[in-house]
Every structure is written in C-alpha cells, then in structure tokens.
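Observations on chain architecture
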Amino acid sequence: MGAKDPDIDGFRELLKAMVGEPGGARASIEEQRAGNDAWGLSVPLPNGCGFEELTVDGVAVERLTPQGADPTKVILYLHGGGYVAGSSRSHRHYVARLAQAAGTIALNVDYRLAPEHPYPAAVEDATAAYRWLLAQGFSADRIVVAGDSAGGGLTLATALALKAQGAPLPAALYPISPWTDLAQSGAAYQAKIHCDPMITIDELNGMSNLYRAGAAVTDPLVSPVHGDLAGLPPILIHVGSEEALLTDSTALAERAALAGVSVRLEVWPEMIHVWPIFHQQLAAGRRAIDEAGAWIARQVAATTVV
C-alpha cells in the first residue's frame, strides 16, 4: 500500500538515487560538503530576495532579505549536517523561503565544523552571531533562532548558553528534526531506522564522536535534551514520523513542557528527516514552511501570540 502523501514515495526513490541505499557506502566528509553545497546552490532564491555575505565578530554569515521583509525582525538560522557538513550555501534557498514566509530578514550562520573545529566552536559562533544582532540594535523579542537537524540541536544549545550568560533570550525557537541526544538513545533509533532513507546510527555515532572530541555526551550544550529548559522562550518543533530522530523531538517537547516552557510539537505523518528543505519536490515541505513562517511572524509581532 502506497503512501497517502502524493509526493513522498517518488521522492524516496529520488533520495535513494542520490544517497544510495541505507547502510551502503557513503561519501567522505569532503564529498558530502561539496555535494550539499552544489545541491543547495542549484535551488533558486525567491524572486527579489537580497543576499549579502558578511563576517561578524569573526563568524561568516549571510544576510538574506526577501521582498517586503521587515528589517527590524530576523531569523538567526543554524544549518544542519551533523556538525561536520552543511553550510550557509547548502541551506540558503530554504532559509530565504522561511524568512519570506515569516516576513523577516534572515542571518544564515556558517558556523565552524568538526573535525577541524569541534565542540564548543559551533556554540561559540552561534552565540557570537546572536550577540552581534543585539549590538546592531535588534531587539531580542524580534529575533527567532531556528535550525535543522544538528542545527536544531544547536538552536537549543545556543538558547541554553545565552541563558547561562544572562543574555536577553530570543522571542522563540524553531528546531526542525533536531538532533538533541548525541548518544542516539531514543526508541526511534530502533523503531524507525529501517524506514529512514537518510540516516544510519553508525553515521550519527561517528559524527557525534567527531563533534564532541571527548566532551561528555550528556553535556547540555552537546545534547540539549539534558539541559535545564526552564525559562526558554516558546518552541515550535517540526519532525517527521518516519525519521530516526523522532524521539529526539518528543523527548525535547516533554522536557520543555515539564519545565513550564510553551512548546508546540508537530509530528508530520509520512515525512522524513528535515523534509521542508525539499520544498521543491514536496508540497508538505512548502506547507511546513508556510505554517512555520506564520508562527514565527506571530512571535515577533508587537503583541506576541503563542
């Protein structure tokens, strides 16, 4: 019996052609980085979207300005890629569309990657970019931090680091398919690994080891599911039902709720890891972008509605 979603079966076949069978030979880190960038750059930006490369406090970033965006409101975006791959280039098209849907500009952060720059380099770069926004005059309640996969975990780690530093916290957090447990201990790693076309446990374990470089897997800035989430701003979590990281999201939502945080968890049926980034192929990806954009717009409105 096929999927109910009209696009997902065909897209799974396309992914299989692109990345191979799960458990098969995978590209090197250098090949992954080059391939991710080439694919990302092949997807056009929204018409009229402005683009500028900057270096802020030593961190490479991109400023994306969709047509009609409110320049006082910004999404600070942290890309995925297991902390070893991905870049602002691989995610530029998606970040631009998310900002367009939210009516904001975006700061797309090209944080340093492992193994060349292991933990805590990514957290340092993300918090430096956030503090730069504050120094530029952006009000914290007009900033939303978002990210996918490893960048989703980094979204939470950034908020936890800012809280520990006593910095003003952003208006909201939007993690997509976040990697919040670098020990891969959730039930979905067994229950869903057979139907996840993008992820293997061996790959995750390897990336975790490269990123942590000896840091404890329970360090809250490594695995934010272990953090004290009390006092964090509202969180919207998007995750697919058919991905091995599913319980990273459900556990995060439970911990946030227990800590008194306003959290909204959406598990999208039949969707795979970070499906919104494939918005060209998946109508569900476009719907997720539109829904997340509307939610972000409410968080940064003059009168906040959760």
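Let me begin by describing the structure that accompanies this report. (Residues numbered from 1 in each chain as written. Predicted model: local features only at pLDDT ≥ 70, side-chain atom pairs only at ≥ 80, totals over all residues. Heavy atoms only, no water.)

**Description of the environment of Gln32**
Here is the rule we go by: A run of H or I in DSSP counts as a helix once it spans at least four residues, and a run of E counts as a strand once it spans at least two, with each numbered from the N terminus. Remark: exposure states derive from per-residue accessible area (1.4 Å probe, protein chains only) relative to the maximum for the residue type, with buried under 20%, exposed over 50%, and partly exposed in between. The contact rule is simple, with two residues in contact once any of their heavy atoms fall within 4.5 Å.
Within the secondary structure, Gln32 is located in helix H2 (residues 29-41). Under the relative-accessibility criterion, Gln32 is labelled partly exposed at 26%. Each C-alpha atom of the pair Gln32 and Ala215 lies 24 Å from the other, and the pair is 183 residues apart in sequence. Excluding its chain neighbours within four sequence positions, the residues that come into contact with Gln32 are Ala27 and Ala85.

**Overview of the nonpolar core**
Generally speaking, nonpolar side chains in soluble globular proteins are found buried as a group. Our working rule: For our purposes a nonpolar core is just a set of buried Ala, Val, Leu, Ile, Met, Phe, Trp, Tyr and Cys residues, chained together by side-chain atoms within 4.5 Å.
Ranked by size, the top nonpolar core spans 61 residues in total, and within it Tyr83, Leu154, Trp179 and Leu232 carry the most contacts. In contact with Leu232, other than residues within four places in its own chain, are Leu156, Ala159, Leu160, Lys163, Leu169, Leu173 and Val261. Core analysis: the second largest hydrophobic core is formed by 36 residues, Leu236, Trp268, Leu282 and Ala292 among them.

**Brief notes about helix H3 (residues 88-102)**
At 3.6 residues per turn, the α-helix brings residues three or four places apart onto the same side. Applicable threshold: What is called the bend at a residue is the angle between a pair of axes, fitted to the seven residues leading up to and ending at it and to the seven starting from it. Identification of polar contacts relies on pairs of N or O atoms within 3.5 Å, with a donor-acceptor requirement for protein atoms, meaning one able to donate a hydrogen and the other able to accept it, and with residues adjacent in sequence counted only if both atoms are side-chain atoms.
Along H3, the largest kink reaches about 35° and is centred on Tyr94. Burial within H3 is extensive, with 12 of its 15 residues counted as buried. By the burial criterion, the buried members of H3 are Ser88, Ser90, His91, Arg92, His93, Tyr94, Val95, Ala96, Arg97, Leu98, Ala99 and Ala102. A distance of 3.0 Å separates the backbone nitrogen of Arg89 from a side-chain oxygen at the start of H3, and that oxygen is part of Ser87. Positive phi shows up at Gly103, right after H3, with a value of about 75°.

**Digging into the sheet that holds strand E7 (residues 235-240)**
Condition: Think of it this way: DSSP has to see at least two bridges between two strands before they count as a pair. All axes are obtained by fitting lines to C-alpha atoms, using only the stretch in contact for helices, and the reported angles, taken between N-to-C directions, cover 0 to 180 degrees.
With respect to topology, 8 strands assemble into an open sheet ordered E1-E2-E4-E3-E5-E6-E7-E8, the strand pairing being mixed. Every other strand in the sheet has two partners, leaving strand E1 (50-56) and strand E8 (263-268) as the edge strands with one partner each. Taken pair by pair, the neighbouring strands of this sheet meet at an average axis angle of 20°, ignoring direction. Bridging between strand E6 (residues 172-176) and E7 involves 2 bridges; their strand directions are parallel.

**Overview of the pattern of salt bridges**
So the rule is basically this: Between Lys or Arg on one side and Asp or Glu on the other, a salt bridge is scored when a side-chain nitrogen of the former is within 4 Å of a carboxyl oxygen of the latter.
The tally for this structure, following the rule as stated, stands at 13 salt bridges. For the salt bridge of Glu52 with Arg63, the shortest nitrogen-to-oxygen distance reads 3.3 Å. In this pair, Glu52 sits in strand E1 while Arg63 sits in strand E2 (residues 59-65), placing the two residues 11 residues apart along the sequence. In this structure, Glu62 and Arg92 form a salt bridge, with 2.6 Å as the shortest nitrogen-oxygen distance. Of this pair, Glu62 sits in strand E2 while Arg92 sits in helix H3, and the two are 30 residues apart along the sequence. A residue is classified by how much of its surface remains accessible, and Glu62, at 2% relative accessible area, is buried. Put simply, Asp37, Arg89 and Asp110 are held in one network by salt bridges that share partners.

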